[in-house]
Amino acid sequence: MKFCLLCLQHGPAECFLDTVEACALDVWPHLNEHFPFIYCVESLIYHKNYTKWETCFEKLNLKAKLVTDCVASGRGKELELRYAAKTNALQPPHKFVPWVVVDGQPLYHDYRDFISYIWKAYKGTAPIPGCSSSINVIKMGSKLAASA
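Described in the following lines is the structure provided in the data block. Since the model is a prediction, treat every value here as computed from it, not as a measurement.

1. Remarks on the overall build of the chain
Reasoning step 1: Counting its secondary structure elements, the chain contains seven helices and two strands.
Reasoning step 2: When the helices and strands of the chain are placed in sequence order, the string is α-α-α-α-α-β-β-α-α.
Reasoning step 3: Taking all 148 residues of the chain together, the buried fraction comes to 30%.
Reasoning step 4: Carbon and sulfur atoms provide 59% of the accessible area of the chain, an area that totals close to 9,700 Å².

2. Focus: the nonpolar core
Reasoning step 1: Ranked by size, the top nonpolar core spans 20 residues in total, and within it V20, F37, V41, W53 and V67 carry the most contacts.
Reasoning step 2: Where this core is concerned, the elements lending two or more residues are α1 (2–27), α2 (31–46), α3 (55–60) and α4 (64–73).
Reasoning step 3: Counting residues per element, this core draws most heavily on α2, at six residues.
Reasoning step 4: Not counting residues within four places of it along the chain, the set of residues in contact with V20 comprises F37, W53, V67 and V71.

3. A few points about the state of the cysteines
Reasoning step 1: A complete count under the given rule lists two disulfides for this structure.
Reasoning step 2: One disulfide bridge connects C23 with C70, the sulfur atoms lying 2.1 Å from each other. Around the S-S axis, the bridge from C23 to C70 shows a dihedral of about -75° and counts as left-handed. Separated by 47 residues along the polypeptide, C23 in helix α1 and C70 in helix α4 bring together distant segments of the chain. As far as burial versus exposure is concerned, C23 and C70 are alike and both buried.
Reasoning step 3: There is a disulfide in this structure between C40 and C56, and the S-S distance comes to 2.1 Å. Of note, the bridge from C40 to C56 carries an S-S torsion of about -85° and is left-handed in sense. On the criterion of sequence distance, the pair formed by C40 in helix α2 and C56 in helix α3 is long-range, its members being 16 residues apart.
Reasoning step 4: On the accessibility criterion, C56 (0% relative accessible area) is buried.

4. Some thoughts on the packing of aromatic side chains
Reasoning step 1: Enumeration according to the criterion identifies seven aromatic pairs in this entry.
Reasoning step 2: Residues W28 and F37 carry aromatic rings whose centres are separated by 5.6 Å and whose planes lie at 65° to one another, so their mutual orientation is edge-to-face.
Reasoning step 3: Taking the relative accessible area as the measure of exposure, F37 reaches 0% and is therefore buried.
Reasoning step 4: Residue placement shows K120 over the ring face of Y117; its charged tip is 5.3 Å from the ring centre.

5. Considering the pattern of salt bridges
Reasoning step 1: Throughout the structure, instances matching the rule amount to four salt bridges.
Reasoning step 2: Its salt-bridge partner being D69, residue K65 comes within 2.6 Å of it at the nearest N-O pair. With a gap of four residues between them, K65 and D69 both fall in helix α4, about one helical turn apart.
Reasoning step 3: On the basis of relative accessible area, D69 is assigned to the partly exposed category, the value being 38%.
Reasoning step 4: Across the pair R75 and E78 runs a salt bridge, and its minimum N-O distance is 3.2 Å. Taken together, the residues R75 and E78, both in helix α5 (residues 75–88) and three residues apart, mark about one turn of the helix.
Reasoning step 5: On the basis of relative accessibility, which here comes to 29%, the residue R75 falls in the partly exposed class.

Conventions adopted
Residues numbered from 1 in each chain as written. Predicted model: local features only at pLDDT ≥ 70, side-chain atom pairs only at ≥ 80, totals over all residues. Heavy atoms only, no water. Helix = DSSP H or I, 4+ residues; strand = E, 2+ residues; numbered from the N terminus. Buried < 20%, exposed > 50% of the residue type's maximum accessible area, 1.4 Å probe, protein only. Areas by Shrake-Rupley, 256 points an atom, 1.4 Å probe, with all protein chains shown as cover. Core = buried A, V, L, I, M, F, W, Y, C linked by side-chain atoms within 4.5 Å. Contact = heavy atoms within 4.5 Å. Disulfide = S-S within 2.5 Å. Phe/Tyr/Trp six-rings, centres within 6.5 Å; stacked < 30°, edge-to-face > 60°. Lys NZ or Arg CZ within 6 Å of the ring centre and 35° of its normal. Salt bridge = Lys/Arg side-chain N within 4 Å of Asp/Glu carboxyl O.

Bear in mind that shape data such as this cannot, by itself, settle questions of function.
See below:
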């Protein structure tokens with residue numbers, strides 16, 4: 001039932017691509033593996049280009065079979081339901097897309113500036129270990145979106 005509600009909210013194309021992305025997260029668990037693929041797919045969605053998602057495999061030199069097998073087996077729908085349950089359990093409750101929360105505070109429309117909020121909330125000594133590699137992955141995704 002929850003799966004059907006998700007499809008009503010986003011439409012069948014976006015619902016399917018949510019399943020594809022859930023599979024990508026499952027088969028490529030590390031940020032530097034799944035983020036470029038998901039960023040590529042989301043960039044296509046942003047431009048209402050829902051049917052070209054498989055081009056992201058080729059652009060990124062990834063094996064499509066890992067993800068397509070996950071989707072075809074039904075595992076993707078199972079994963080999507082788990083993500084939906086996590087979304088429904090968020091505190092503060094999810095009210096905006098994308099729902100970005102830093103230090104307990106939703107960013108709403110200012111979500112694109114999330115890195116500055118993270119730095120403001122960070123109480124440790126600089127630099128944050130691994131932060132530069134995460135930023136590099138985000139920058140790599142931005143370059144892919146520009147070419148999509």
